[in-house]
Amino acid sequence: MTADLRKFIFDDLQTVEGYLDPPDALVFLSLLQAQSDNGLNGGVAEIGVFYGRSYFLFKKVCNGEDKVLAIDLFDIDQQISGDVTQYSRFLDNGERLGLKVDEDLIIKGDSTQLRPNEITEKAGRIRFFSIDGGHMLRHVLSDSMLATDTLADHGIIAFDDTFNPAWPEVTVGVSDFLRDRQEQFAAFCMTKYKTYVCRREFYDFYRDAINNAADLMAFDHVETEFLGSKAIRLHNPMTRRMVYEVMVRSGMRSLSERVYR
Ligand SMILES: C[S@@+](CC[C@H](N)C(=O)[O-])C[C@H]1O[C@@H](n2cnc3c(N)ncnc32)[C@H](O)[C@@H]1O
């Protein structure tokens, strides 16, 4: 099954325009599997769908067993005719991948206007919440509050673009979140793009999940102190990233998975 999911991550998923790169896709997979293997149930939620790259990974891994709720403005590619092509491209991607979008679980609108019960009534308490919507401080503060209020006790929040210099307010928002809730939440994993946090009671569980995940063995595991906790930073050396890029650009996408073994 993992071989099938790895093929999906390195091949099929890359046909969806988007921002989830294979290392973070492998982290998503490893964390979702650790939760399922240990009976840590709940819905999955994402703010910021774009054309569905992370959404379809959630759909694939959850395999129809958990609700995957997604929130987006869906106003990109607005045509003069009034057709909104972001949403139709998202639906088309689902048809093409054989992962039909469950439209009852799609919320079209501004995430900062949502109330927690609009999420929990549709998907229950959330075990994995991906925040990748608006990238200004007010969005991150509002979205992280929404995630906190809907998260299962064992839930994870994945913050995107945490240290991207193009989006400095995301860095401030995630730092504020961790500083304000240091007693409750801790960062347990960091990648080049994302920071993963959980409640302190589950910190050891998720650190073990990252340390023991077979799909993450290719990365260097480096201890990094971040606002009151030690996170495992998964370092992905430049040489491997270059080999991966060369393979993808020269049409060897389906073989690129081997670079990350
Ligand atoms: C960087 S893209 C998300 C990438 C996606 N997670 C992926 O895997 O490819 C950001 C998305 O957030 C959405 N967005 C921006 N501001 C938002 C808001 N206030 N509420 C809901 N969605 C928002 C945009 O429409 C866009 O689709």
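See the structure above.
Treat the numbers as computed from the prediction; the structure is a model and nothing was measured.

Asker: Please explain the site of the ligand as it appears in this structure.
Answerer: Near the ligand lie 19 residues; those nearest to it are Tyr19, Gly48, Ser54, Asp72 and Asp132. Between the ligand and Tyr19, the relevant distance is 2.9 Å, taken from an oxygen atom to a main-chain nitrogen or oxygen of the residue. Residue Asp132 places a side-chain N or O atom 2.8 Å away from a nitrogen atom belonging to the ligand. Protein coverage of the free-state accessible area of the ligand, which is 600 Å², stands at 90%. At a threshold of 2 Å from the grid points, most atoms of the ligand map onto the largest pocket. Of the residues in the shell around the ligand, the class split is five nonpolar, nine polar and five charged.

Asker: Even after reading the chapter, I still don't get the pairing of strand E4 (residues 126-131), so can you show me in this structure?
Answerer: The side chains of a regular strand alternate, residue by residue, between the two faces of the sheet. Within E4, six of the six residues are buried, which leaves it mostly tucked inside the rest of the structure. Relative to E4, strand E1 (residues 43-47) runs parallel, the two being bridged by five bridges. In the strand pairing of E4, Gly43 is matched with Ile126.

Asker: Before we go on, may I ask you to explain the packing of helix H1 (residues 2-10) against helix H3 (residues 53-62) in this structure?
Answerer: The description of two packed helices rests on the angle between their axes and on the distance between the axes. Viewed as axis vectors pointing N to C, H1 and H3 meet at an angle of 170 degrees, and their least axial separation amounts to 11 Å. Compared by their axis directions, H1 and H3 come out roughly antiparallel. On H3, the residues touching Asp4, Leu5, Phe8 and Ile9 of H1 are Phe56, Leu57, Lys60 and Val61. Counted by class, the contact of H1 with H3 contains six nonpolar, no polar and two charged residues.

So, how was this worked out
Residues numbered from 1 in each chain as written. Predicted model: local features only at pLDDT ≥ 70, side-chain atom pairs only at ≥ 80, totals over all residues. Heavy atoms only, no water. Near = heavy atom within 4 Å. Polar contact = N/O pair within 3.5 Å; in protein donor to acceptor, adjacent residues only side chain to side chain. Areas by Shrake-Rupley, 256 points an atom, 1.4 Å probe, with all protein chains shown as cover. 1 Å grid on protein atoms, 1.4 Å probe; cavity = no way out; pocket = protein on both sides within 12 Å on 5 of 7 lines; lining within 4 Å. Sits in = over half its atoms within 2 Å of the grid points. Nonpolar A, V, L, I, M, F, W, Y, C, P; charged D, E, K, R; others polar. Buried < 20%, exposed > 50% of the residue type's maximum accessible area, 1.4 Å probe, protein only. Helix = DSSP H or I, 4+ residues; strand = E, 2+ residues; numbered from the N terminus. Pairing = 2+ DSSP bridges. Axes fitted to C-alpha atoms, helices over the stretch in contact; angles between N-to-C directions. Parallel < 35°, antiparallel > 145°, perpendicular 65-115°, else oblique. Contact = heavy atoms within 4.5 Å.

Purely geometric stuff here, so don't read any function into it on its own.
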